[in-house]
Amino acid sequence: RIAVLSGMALTGVAQPANSQSTLPPGSGLQTGKDGEVSFQSPGGTTVTVGPGSAVRMSPPEANGKRHGVELLQGRVEVSHPAGTPNIDDVMIHSVDGSVVADGTRYRVEKESGGIRVQVFEGSVRLTGDYIIRTYAPGVEGGKPSPVKEMKLKAGEQALMVGTSSKPQDVPS
């Protein structure tokens, strides 16, 4: 159920969202350029869908432990109160990869080159076909080596690129 709503947001088939809107598996949510929506998972994780963003709710995993949120456009921020159970009950995924939290607060943003993940507290586990650790401007990180799995801690960030959009070698 939607907990906080500001600006314009639509659910399902272009129905305006409100504080009574529910987000069952298969439903979508789209925010306007000034819209922002926060909702909570059954385990207490807060997912905030930023302005100009679109997500689709995925069915929970077979064991019912994690609920999925597919990021189609824009950004989401995820947080979970420390010391509460079900700390990793939400998985953010896209064609570029998936992000599962481990007691954390983080942001996932869809960019033209893939999905950028930034960790503010705790850590997250990334899985995908092509993941590169990135650094702030002016910070030397050496030559990036892509991997298929990565753990990020607070203050770190990475870029996940799906196989369909992975940089290709150009024949010379």
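It should be emphasised that the depicted structure is a prediction, and the values quoted were computed from it without experimental measurement.

Here we take up the overall build of the chain. Along the backbone of the chain there are 0 helices and 14 strands. Along the chain, helices and strands appear, N-terminal first, in the series β-β-β-β-β-β-β-β-β-β-β-β-β-β. Counting only contacts in the chain whose residues sit at least 6 apart along the sequence, the fraction spanning at least 24 positions is 48%.

Averaged over every residue, the pLDDT of the chain is 79; the share at 70 or more is 74%. Here residues 164-172 scores under 50 on pLDDT; set against residues more than four positions off or in separate chains, the count is 6 contacts.

Relative to the assigned elements, Ser53 resides in the loop between β6 (46-49) and β7 (54-58). Here Ser53 falls in the buried class, since its relative accessible area comes to 0%. Of note is the side chain of Ser53, whose polar atom sits 3.0 Å from the backbone oxygen of Gly50.

Take the side chain of Glu70 next. Relative to the helices and strands, Glu70 is located in strand β8 (residues 67-73). For Glu70, a relative accessible area of 17% corresponds to the buried category.

Among the nonpolar cores identified, the biggest contains 29 residues, and Ile92, Val99, Tyr106, Val108, Val117, Val124 and Leu126 are the most heavily contacted of them. Of all the elements, strand β12 (residues 114-134) adds the most residues to this core, at 6 residues. Excluding its chain neighbours within four sequence positions, the residues that come into contact with Val117 are Val99, Arg107, Val108, Val124, Leu126, Leu152, Glu156, Gln157, Ala158 and Met160.

With that settled, the discussion passes to the pattern of salt bridges. Under the counting rule described, the total for this entry stands at 8 salt bridges. Glu70 is the salt-bridge partner of Arg56, the closest N and O atoms lying 3.2 Å from each other. On the criterion of sequence distance, the pair formed by Arg56 in strand β7 and Glu70 in strand β8 is long-range, its members being 14 residues apart. Owing to a relative accessible area of 36%, Arg56 belongs among the partly exposed residues under this scheme. For Glu156, the salt bridge is made with Arg133, and the minimal N-O distance between the two is 3.1 Å. Of this pair, Glu156 sits in the loop between β13 (147-153) and β14 (157-160) while Arg133 sits in strand β12, and the two are 23 residues apart along the sequence. You can call Arg133 partly exposed: its relative accessible area is 27%.

Quick notes on the rules
- Residues numbered from 1 in each chain as written.
- Predicted model: local features only at pLDDT ≥ 70, side-chain atom pairs only at ≥ 80, totals over all residues.
- Heavy atoms only, no water.
- Helix = DSSP H or I, 4+ residues; strand = E, 2+ residues; numbered from the N terminus.
- Contact = heavy atoms within 4.5 Å.
- pLDDT = per-residue confidence, 0-100.
- Buried < 20%, exposed > 50% of the residue type's maximum accessible area, 1.4 Å probe, protein only.
- Polar contact = N/O pair within 3.5 Å; in protein donor to acceptor, adjacent residues only side chain to side chain.
- Core = buried A, V, L, I, M, F, W, Y, C linked by side-chain atoms within 4.5 Å.
- Salt bridge = Lys/Arg side-chain N within 4 Å of Asp/Glu carboxyl O.

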